[in-house]
Structure formats: structure tokens, C-alpha cells
Amino acid sequence: MRIAVAGATGNIGALTVAALERDGHEVVRISRSLGVDLSTGDGLDDALTGVNVVIDATNAPAGGDAETVAYFGTATRNLLAAGERAGVRHHVLLSIVGIDRVEGTAHYAGKREQERLVTAGPLPWTIVPATQFHDFAAMVAGWTERDGVATIAPLLVQPIAPEDIAEVLAEIAAGEPRGRYADVAGPEPQDLVDMARRTNEARGHTVKLMPTWSGIFDSTMAGDVMLPGEGARITPTTFDEWLAGQRRDHTRGTRG
């Protein structure tokens, strides 16, 4: 099949491209750095010529609610409209578990707008809600780190390996539209503070973590809000297995 991946140069997008190409699909990479701008639509019609399926794994630049919703909304409208003109038969959107249960987070507001547009849009669709990725905790701590100290909320999450969600996206893109797909999660719940601590240790990065609900995420996200629902699809890679890879990469880096 000829499959376009929007956000192809990002972490999940690049892994999804690799999984699709391994399975023998022809992949069209969509990214601003490759000359296709979702914000304006420039280059989209040419990129989607002959494409059967679009996978949207895009991200948004940091911003407030209004800016993030506007960015995701514009990009999604452009992608859906170009897909309709090109005769795309299946639009696959990567989303996030629990976004309908959380207010006050700009990124989640943007993802809700994406979901709304896709479900009301002109193309047959599948929405794939995934939990946070294994590298999420250290990334969040990095957002707030100052002078060796970082604040981080003690969220309960069930993280998934980036490679695993890429495999799921590639599999779904090769099949028929499914509507709203089951939540997709890793095999074990984890505490975000502990995840950040262990990831930084594995990478040889020293930082003091200060758990708080007064930072980026508040107590509305406490408890099981971010966990997958019943009937979730559980992927195989544990956080410990992913962490071992981080440790190996760090060890090779210090030796090399």
C-alpha cells in the first residue's frame, strides 16, 4: 500500500515509517522539514497523490490552549481536505488515553479538537488512543529542570514503548477503518516520579525531583484517570526492558 505518515520526522512518526517499510509498504513522509506544511497546506496535494492511507502522528509546538487547539485544528482540516481530494480511504489518528477526562492541559485540548474533526470529517477513520510513552517522565522533568532541580507530578500511568505503538499504527493502517480503537497501553502501571528518577539514573543524568501537583499537571489527573480502560490492548515491552536499553546506550556513549 501507499501510506503517508504526517509527522514522519518525529519520534513515533519515524518509527512508524520504519515499521511500514519493513512490511513492504510504500511510505510518503509528510513533514515541514521535507517541504510539506500542514499549517498552510503547501505541498499536501502532491504528497497525497495515490495515497491509500494517512497516519497522523503529528505534534504541536508548545503553547496555550487557544494556540494549540488552533494549530491542531488547522493542520487536521488541511490533512482531511487534501485526503478527500486525493481519494484517501483510511485516516488513522494517534491520540491519547484519557484526554476526555482532563481539563486545563493545552495539548489534550488540541488532541480533543483533532478527534472531533476526524470523527466528523469526510474520510473513513480509526482513532488510536495510546498511553504515555516510556520516555515521557524524563521529558516532563526536563521541562521544569532548573539548577539541578525539577518538579514533577506523581501521576499513575501505564506507559508504552514508542516502538510498540509504531507497530500498532502500522498494523491498523494496513487494515480496514475501525472507528475508535481500544486503548493501547504498556503492560504495567508506573509512578511518573519513579520513572523519571530511574530514567535519569540510567542515562547518567543527576537531578533532584520534587513531586508536586502545583506544576504542569494538577490533581485532576490523579488516581486512575490516565490509565487505560477495560478491553485495552496491552503491548509487550515493559518499562524495565526499555530502561535497560537506555542504560546500554549510555554505557556505549561513555565508552565511545
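For the structure, see preceding data.
As the structure is a prediction and not an experimental result, all values here were calculated from the model. (Residues numbered from 1 in each chain as written. Predicted model: local features only at pLDDT ≥ 70, side-chain atom pairs only at ≥ 80, totals over all residues. Heavy atoms only, no water.)

Peer 1: Break down the overall build of the protein for me, citing the residues and quoting the values.
Peer 2: For the protein, the helix and strand inventory stands at 8 helices and 12 strands. Rg of the C-alpha trace for the protein: 18 Å, near the compact-globule value of 18 Å for 256 residues, within the 12% margin. Once the C-alpha set of the protein is aligned to its principal axes, its extents read approximately 50 × 40 × 35 Å. Burial analysis of the protein (256 residues in total) assigns 49% to the buried set. Intrachain contacts of the protein at a sequence separation of at least 6 include 80% that bridge at least 24 residues. Total accessible area computed for the protein in this model is approximately 11500 Å², and 50% of it derives from carbon and sulfur atoms. For the protein, the distance from the average site of its 23 positive side-chain charges to the average site of its 34 negative ones is 3 Å. (Helix = DSSP H or I, 4+ residues; strand = E, 2+ residues; numbered from the N terminus. Rg over C-alpha atoms; globule rule 2.2 N^0.38 Å. Buried < 20%, exposed > 50% of the residue type's maximum accessible area, 1.4 Å probe, protein only. Contact = heavy atoms within 4.5 Å. Areas by Shrake-Rupley, 256 points an atom, 1.4 Å probe, with all protein chains shown as cover. Lys, Arg positive; Asp, Glu negative; His and termini not counted. Charge placed at Lys NZ, Arg CZ, Asp CG, Glu CD.)

Peer 1: Describe the packing of helix H1 (residues 11-22) against helix H6 (residues 162-173), with residues and values.
Peer 2: For any two helices packed against each other, the geometry is given by the interaxial angle and the distance between the axes. One can describe the packing of H1 onto H6 by two numbers: an axis separation of 8 Å at closest approach and a directional angle of 55 degrees. The orientation of H1 with respect to H6, classified from their angle, is oblique. Crossing of H1 against H6: the hand is right-handed. Between H1 and H6, the contacting residues are Asn11, Ile12, Leu15, Thr16, Ala19, Leu20 and Arg22 on the first element and Pro162, Glu163, Ile165, Ala166, Glu167, Leu169 and Ala170 on the second. Residue composition of the contact of H1 with H6, by class: 9 nonpolar, 2 polar and 3 charged. (Axes fitted to C-alpha atoms, helices over the stretch in contact; angles between N-to-C directions. Parallel < 35°, antiparallel > 145°, perpendicular 65-115°, else oblique. Left-handed = near helix turned anticlockwise from the far one by under 90°. Nonpolar A, V, L, I, M, F, W, Y, C, P; charged D, E, K, R; others polar.)

Peer 1: An account of a nonpolar patch on the surface is needed here, citing residue identities and associated values.
Peer 2: Together, Met139, Trp143 and Ile216 make up a nonpolar patch on the protein surface, roughly 290 Å² of accessible area in all. Its location among the elements puts Ile216 in the loop between strand S11 (208-211) and strand S12 (233-234). With relative accessibility at 42%, the residue Ile216 sits in the partly exposed group. (Patch = residues over 30% accessible without salt bridge, like charges linked within 9 Å, V, L, I, M, F, W, Y side chains within 5 Å. Salt bridge = Lys/Arg side-chain N within 4 Å of Asp/Glu carboxyl O.)

Peer 1: Tell me about the pattern of salt bridges, residues and numbers included.
Peer 2: For the coordinates displayed, the defined rule picks out 15 salt bridges. Put simply, Glu21 and Arg29 hold a salt bridge, and the shortest N to O gap is 3.0 Å. Its relative accessible area of 37% is what places Glu21 among the partly exposed residues. For Arg29, a relative accessible area of 38% gives the class partly exposed. Linking Arg85 and Asp45 is a salt bridge whose minimum nitrogen-to-oxygen distance equals 2.9 Å. Taken together, the residues span a long stretch of sequence, with Arg85 in helix H3 (residues 65-86) and Asp45 in helix H2 (residues 44-47) at a distance of 40 residues. Several salt bridges converge on common partners, so that one network encompasses Asp194, Arg197, Arg198, Glu201 and Asp240.

Peer 1: Describe in detail the pairing of strand S1 (residues 2-6), supporting the description with residues and values.
Peer 2: With respect to burial, S1 is a largely interior element, 4 of its 5 residues being buried. Here S1 pairs with strand S2 (residues 26-30) via 5 bridges, running parallel. Bridge pairing in S2 links Arg2 to Glu26. The parallel pair S1 and S2 is bridged by H1, and the resulting crossover is right-handed. Relative to strand S3 (residues 53-56), S1 is paired through 4 bridges, and the arrangement is parallel. (Pairing = 2+ DSSP bridges. Right-handed = clockwise from strand over helix to strand, strands pointing away.)

Peer 1: Describe in detail the layout of surface pockets, supporting the description with residues and values.
Peer 2: Here the largest pocket is characterised by a volume of approximately 1100 Å³. Looking at the largest pocket, it is lined by 42 residues, and the ones nearest its centre are Thr58, Asn59, Ala60, His107 and Met139. Listed by contribution, the elements that provide at least two residues to the lining of the largest pocket are H1, H3, strand S4 (90-96), helix H4 (106-120) and helix H5 (136-144). Ranked by residue count, the leading element in the lining of the largest pocket is H4, at 4 residues. The residue inventory of the lining of the largest pocket, partitioned by class, reads 20 nonpolar, 17 polar and 5 charged. (1 Å grid on protein atoms, 1.4 Å probe; cavity = no way out; pocket = protein on both sides within 12 Å on 5 of 7 lines; lining within 4 Å. Points joined across faces, edges and corners; volume = space filled by probe spheres on them.)

Peer 1: I'd like to hear about the nonpolar core, residue by residue, with values.
Peer 2: Membership of the largest hydrophobic core comes to 27 residues, with the highest contact counts inside it found for Ile152, Leu192 and Leu209. Only H5, strand S6 (149-152), helix H7 (192-202) and helix H8 (239-255) provide two or more residues apiece to this core. It is H7 that contributes the most residues to this core, 5 residues altogether. With residues up to four places along the chain from it excluded, the contact list for Leu209 reads Ala141, Ala150, Ile152, Val193, Ala196 and Arg197. One finds Val5, Val27, Val128 and Ile172 within the second-largest nonpolar core, a separate group that totals 23 residues. (Core = buried A, V, L, I, M, F, W, Y, C linked by side-chain atoms within 4.5 Å.)

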